[in-house]
Amino acid sequence: MERDLGPVTALVLSHAESVNSGILSTTLESFDRHIAVNARASWLLIREFARRFGGERRGGRIVALTSDAITDEVPYGASKGALDRIVFAAARELAELGITSNLVNPGPIDTGWMSDDVRRWVLDRTPAGRGGRPADTAALVAFLLSEDGQWVTGQLLKSDGGFSAPG
């Protein structure tokens, strides 16, 4: 999908560390690595982005991808929870620099990692009747980066076909 985003300066953050483990099986090294990669590195990038594109070069967009993962994904979920708080803080603290800051939770997106059992489980729980695609997430991110998205800041937007809807 192509979309002209104009002259906006943007920082889009995703995760780079994800290991399935729970309270009892997570190692200290794994937990620390998740926090370092998914939260600390993102904070450092956001801080540098604000330094470069605030002030006279006013304006920009920050969009981070997050997750609801918790059970059996403790270090990943904890690092995403920390990322959420960093992005919410950025929405408040960087607004005066003209920078918006939002989170997108795409839910389960089939990028090749799903087994047939997981895919069936997701489809059974998704009212939209299909699994998520990378293009679904990209469309929301493109909106947040666009001029039309300039009024949206400090939000966690779920783009998951209703997967997370109560019911």
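All values reported here derive from a predicted model rather than from experimental measurement.

**Structural notes on the pattern of salt bridges**
At step 1: Evaluation of the coordinates by the stated rule reveals six salt bridges.
At step 2: A salt bridge links Asp 68 to Lys 158, with the nearest nitrogen and oxygen atoms 2.9 Å apart. Of this pair, Asp 68 sits in the loop between strand S2 (60-65) and helix H2 (74-93) while Lys 158 sits in strand S4 (residues 156-158), placing them 90 residues apart in sequence.
At step 3: The exposure class of Asp 68 is partly exposed, given its relative accessible area of 44%.
At step 4: Lys 158 gets classed as partly exposed once you look at its relative accessible area, which sits at 43%.
At step 5: The shortest N-O distance in the salt bridge between Arg 119 and Asp 116 comes to 3.0 Å. Here Arg 119 and its partner Asp 116 are both found in helix H3 (residues 116-124), three residues apart, which amounts to about one turn of the helix.
At step 6: The network of salt bridges with common partners includes Asp 110, Asp 116 and Arg 119.

**Concerning the sheet that holds strand S1 (residues 10-13)**
At step 1: Sheet architecture is open: four strands sit in the order S1-S2-S3-S4, paired in parallel fashion. The sheet is open, and its two edges are formed by S1 and S4, each paired on a single side. Across the sheet, the mean angle from the axis of one strand to that of its neighbour is 20°, orientation sign disregarded.
At step 2: Where strand S3 (residues 99-105) lies against S4, three bridges are found, and the strand directions are parallel.

**Points about the confidence of the model for the chain**
At step 1: Mean pLDDT over the chain stands at 89; residues scoring 70 or higher make up 93%.
At step 2: Counting contacts from residues 1-5, a segment whose pLDDT is below 50, to residues more than four positions away or on other chains yields nine contacts.

**What about unusual backbone geometry?**
At step 1: Positioned with a positive phi, Asp 72 is a non-glycine residue whose angle comes to about 60°.
At step 2: Within the secondary structure layout, Asp 72 lies in the loop between S2 and H2.

**Comments concerning the nonpolar core**
At step 1: The biggest cluster of nonpolar side chains holds 14 residues, and the ones touching the most others in it are Ile 46, Ile 62 and Leu 94.
At step 2: Only S1, helix H1 (28-53), S2, H2 and S3 provide two or more residues apiece to this core.
At step 3: Apart from residues lying up to four places away in sequence, Ile 46 is in contact with Leu 11, Leu 13, Ile 62, Ile 86, Val 87, Ala 90 and Leu 94.
At step 4: Among the nonpolar cores identified, the runner-up in size contains seven residues, and Val 63, Val 104, Leu 140 and Val 141 belong to it.

**Comments concerning the pairing of S1**
Taken residue by residue, a regular strand's side chains alternate between the two faces of the sheet.
At step 1: Residues Leu 11 and Leu 13 line the buried face of S1, whereas the alternating positions Ala 10 and Val 12 sit on a face that is not buried.
At step 2: Examined bridge by bridge, S1 and S2 share four bridges and lie parallel to one another. Residue Ala 10 lies in a different strand from S2, and its bridge partner there is Arg 61.

**Some details on the pairing of S2**
At step 1: Counting buried positions along S2 yields six of six residues, so the element is predominantly enclosed.
At step 2: Side chains Gly 60, Ile 62 and Ala 64 of S2 all project onto a buried face; the interleaved residues Arg 61, Val 63 and Leu 65 project onto the opposite face, where all are buried too.
At step 3: Sheet analysis places S2 next to S3, joined by six bridges and oriented parallel. Opposite Arg 61, over in S3, you have Thr 100 as the bridge partner.

**Topic: the environment of Val 104**
At step 1: Its place among the elements puts Val 104 in strand S3.
At step 2: On the basis of relative accessibility, which here comes to 0%, the residue Val 104 falls in the buried class.
At step 3: Each C-alpha atom of the pair Val 104 and Val 63 lies 7.0 Å from the other, and the pair is 41 residues apart in sequence.
At step 4: Residues contacting Val 104, with those up to four places away along its chain left out, are Val 63, Ala 64, Leu 65, Thr 66, Thr 137, Leu 140, Val 141, Leu 144 and Leu 157.

Basis of the calculations
Starting from 1, residues in each chain are numbered consecutively following that chain's sequence as written. Local features in a predicted model are, by the rule used here, given only for residues with pLDDT of at least 70; side-chain atom pairs are given and counted only at 80 or more, and totals for whole chains, interfaces and linings are based on all residues. Only hydrogens and water are set aside when side-chain values are computed; all heavy atoms of the structure are taken into account. In what follows, salt bridge is the name for a side-chain nitrogen of Lys or Arg lying within 4 Å of a carboxyl oxygen of Asp or Glu. Labels follow the DSSP assignment, with helices taken as runs of H or I lasting at least four residues and strands as runs of E lasting at least two, numbered in each case from the N terminus. Relative accessible area decides the class of each residue, using a 1.4 Å probe on protein chains only: under 20% of the type maximum gives buried, over 50% gives exposed, and in between gives partly exposed. A pair of strands is considered paired only if DSSP assigns at least 2 bridges between the two. Only the stretch in contact is used when fitting a helix axis, every axis being a line fitted to C-alpha atoms; angles between N-to-C directions are given from 0 to 180 degrees. The score called pLDDT rates the predictor's confidence residue by residue, from a low of 0 to a high of 100. Throughout, a contact is declared for two residues whenever any of their heavy atoms are within 4.5 Å. Note on terminology: a nonpolar core comprises buried Ala, Val, Leu, Ile, Met, Phe, Trp, Tyr and Cys residues joined through side-chain atoms within 4.5 Å.

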